[in-house]
Amino acid sequence: MFSDAITHPTDTQVSIRALAEAATIGGYAPSICNTQPWRWRLTADTLELCLASERIMPVTDPEARLATLSCGAALHHAHVALRAQGWDATVTRQPRDGATAVLARIRVGGRAPADPAAVEYLRTIPLRHTDRRPLTGSPVDAADLAAVTAAVQAQGTRLHTLRPDQILDLAAAVDHAQRSEAGDPAWQAELAVWAGGTRPSGSGVPDAAIPNRATQTTVPGRDFGHYGDLPVSAAHDESAVFVTLYGPGDDPIDWLRAGEALSAGWLTATMRGAAVLPYSAPIEVIASRQAIRAMIASVGHPYLLLRLGRTDPAAELAAHAPRLPAEQTIERA
């Protein structure tokens with residue numbers, strides 16, 4: 001039996017503080033080119049999640065597919081934070097109450113026992129990052145892959161592990177996508193904003209996270225148009241495992257849920273010592289996206305490709321991308 005302090009809702013100031021902290025934790029989520037395309041609206045007992053239009057990449061992501069997926073990851077992070085800190089929190093996706101700009105709403109009721117799984121996720125959130133270095137350790141084993149798959153499926157999305165004979169097809173799809181985008185001056189200019197010399201303060205891909213040389217990989221990583229400062233070895237990541245995040249629909253609600261699944265799967269991988277590298281280029285180009293869909297026998301729509309594996313444990317940790325200050329992403333009603 002819990003005391004009244006636990007079973008009854010707390011005062012407004014306490015719930016507002018908890019929601020603000022959850023929104024701040026949401027800001028650690030992965031996003032396309034670290035654009036952090038989310039905006040939170042905070043009231044006494046709710047967080048509303050919206051797309052920040054000024055942080056969408058209109059050339060790369062004209063439908064805001066990847067921006068919405070990124071927001072889904074932030075939603076999962078925020079929900080994890082509330083559950084880990086002992087709050088009864090309910091998520092409503094695409095609320096149908098006239099709030100057309102709202103992707104999701106998190107409402108807190110009273111206090112509840114802290115969710116142990118959420119506590120583990122919350123501890124892992126500051127450790128999660130994109131790792132573009134070659135994979136030089138042992139492959140992820142069946143148990144690790146099963147755990148990541150289960151975490152993704154628990155969020156209503158699925159994970160397909162590519163067979164060895166599909167890796168060359170994936171490499172071709174990624175290469176086609178990157179060549180198509182590189183030939184577009186508008187795309188080059190847009191990428192330069194987020195991963196070049198411009199980089200809005202607190203966002204974008206820093207040079208410390210971009211390899212300082214071409215990596216020896218079967219599936220090429222993102223071509224940022226320049227080398228960065230991240231030291232990489234000449235090793236070939238032959239131990240890499242590639243997976244496709246996919247689901248039955250191809251609408252904003254599906255992209256949002258895919259982002260939640262990405263967060264759950266990535267945090268699970270990090271907890272189990274696996275490095276993760278997302279590949280969005282083949283999703284950004286229609287022909288490449290269709291090629292990826294063929295790899296999963298057209299049973300669903302692909303949302304993102306992921307590389308899983310292990311880096312050298314003795315190597316220096318890869319840099320984490322910067323984060324926007326909370327006052328730029330959280331609005332108080």
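Heads up: these notes are all about the structure in this document. Keep in mind that what you see is a predicted model, and the values were worked out from it rather than measured.

Rules used in this analysis
Residues numbered from 1 in each chain as written. Predicted model: local features only at pLDDT ≥ 70, side-chain atom pairs only at ≥ 80, totals over all residues. Heavy atoms only, no water. Helix = DSSP H or I, 4+ residues; strand = E, 2+ residues; numbered from the N terminus. Buried < 20%, exposed > 50% of the residue type's maximum accessible area, 1.4 Å probe, protein only. Contact = heavy atoms within 4.5 Å. Areas by Shrake-Rupley, 256 points an atom, 1.4 Å probe, with all protein chains shown as cover. Lys, Arg positive; Asp, Glu negative; His and termini not counted. Charge placed at Lys NZ, Arg CZ, Asp CG, Glu CD. Disulfide = S-S within 2.5 Å. Pairing = 2+ DSSP bridges. Phe/Tyr/Trp six-rings, centres within 6.5 Å; stacked < 30°, edge-to-face > 60°. Lys NZ or Arg CZ within 6 Å of the ring centre and 35° of its normal.

## Details of the overall build of the chain
Phase 1: Looking only at helices and strands, one finds 10 helices and nine strands in the chain.
Phase 2: Structurally, the chain occupies a C-alpha span of about 60 × 40 × 40 Å along its principal axes.
Phase 3: Expressed as a percentage of its 333 residues, the buried residues of the chain come to 54%.
Phase 4: The contacts in the chain between residues at least 6 apart in sequence include a share of 76% that link residues at least 24 apart.
Phase 5: For the chain, the accessible area works out to roughly 14,300 Å², and carbon and sulfur atoms hold 54% of it.
Phase 6: Charge-centre separation for the chain: the mean point of 29 positive side chains lies 2 Å from the mean point of 35 negative side chains.

## Quick notes on the state of the cysteines
Phase 1: Inspection of the entire model under this criterion finds zero disulfides.
Phase 2: Free cysteine Cys33: the closest other cysteine sulfur is in Cys71, separated by 15 Å.
Phase 3: Judged by its relative accessible area of 10%, Cys33 is buried.
Phase 4: For the unlinked cysteine Cys71, the closest cysteine sulfur is that of Cys50, found at 8.7 Å.

## Topic: the environment of Met295
Phase 1: With respect to the helices and strands, Met295 occurs in helix H10 (residues 286-295).
Phase 2: Along the primary structure Met295 and Phe224 are separated by 71 residues, whereas in three dimensions their C-alpha atoms are 26 Å apart.
Phase 3: Excluding residues that lie within four positions of it along the chain, Met295 makes contacts with His160, Leu162, Gln166, Asp169 and Leu170.

## Describing the pairing of strand E4 (residues 102-111)
Phase 1: Extensive coverage of E4 is indicated by the burial of seven of its 10 residues.
Phase 2: By the bridge criterion, five bridges tie strand E2 (residues 46-51) to E4 in an arrangement that is antiparallel. Residue pairing for E4: Leu49 is matched across the bridge by Ala104.

## Points about the packing of aromatic side chains
Phase 1: One pass over the full model with this rule turns up one aromatic pair.
Phase 2: Taking the centre distance of 5.9 Å and the plane angle of 65 degrees together, the rings of Phe242 and Tyr279 count as edge-to-face. With a gap of 37 residues between them, Phe242 in strand E6 (residues 241-247) and Tyr279 in strand E7 (residues 275-279) connect regions that are remote in the sequence. For the pair shown, Phe242 and Tyr279 are each scored as buried.
Phase 3: Directly above the ring of Trp87 sits Arg111, whose terminal nitrogen or CZ lies 4.5 Å from the centroid.
Phase 4: The lysine or arginine in question, Arg128, covers the ring of Trp266, its NZ or CZ lying 4.6 Å from the ring centre.

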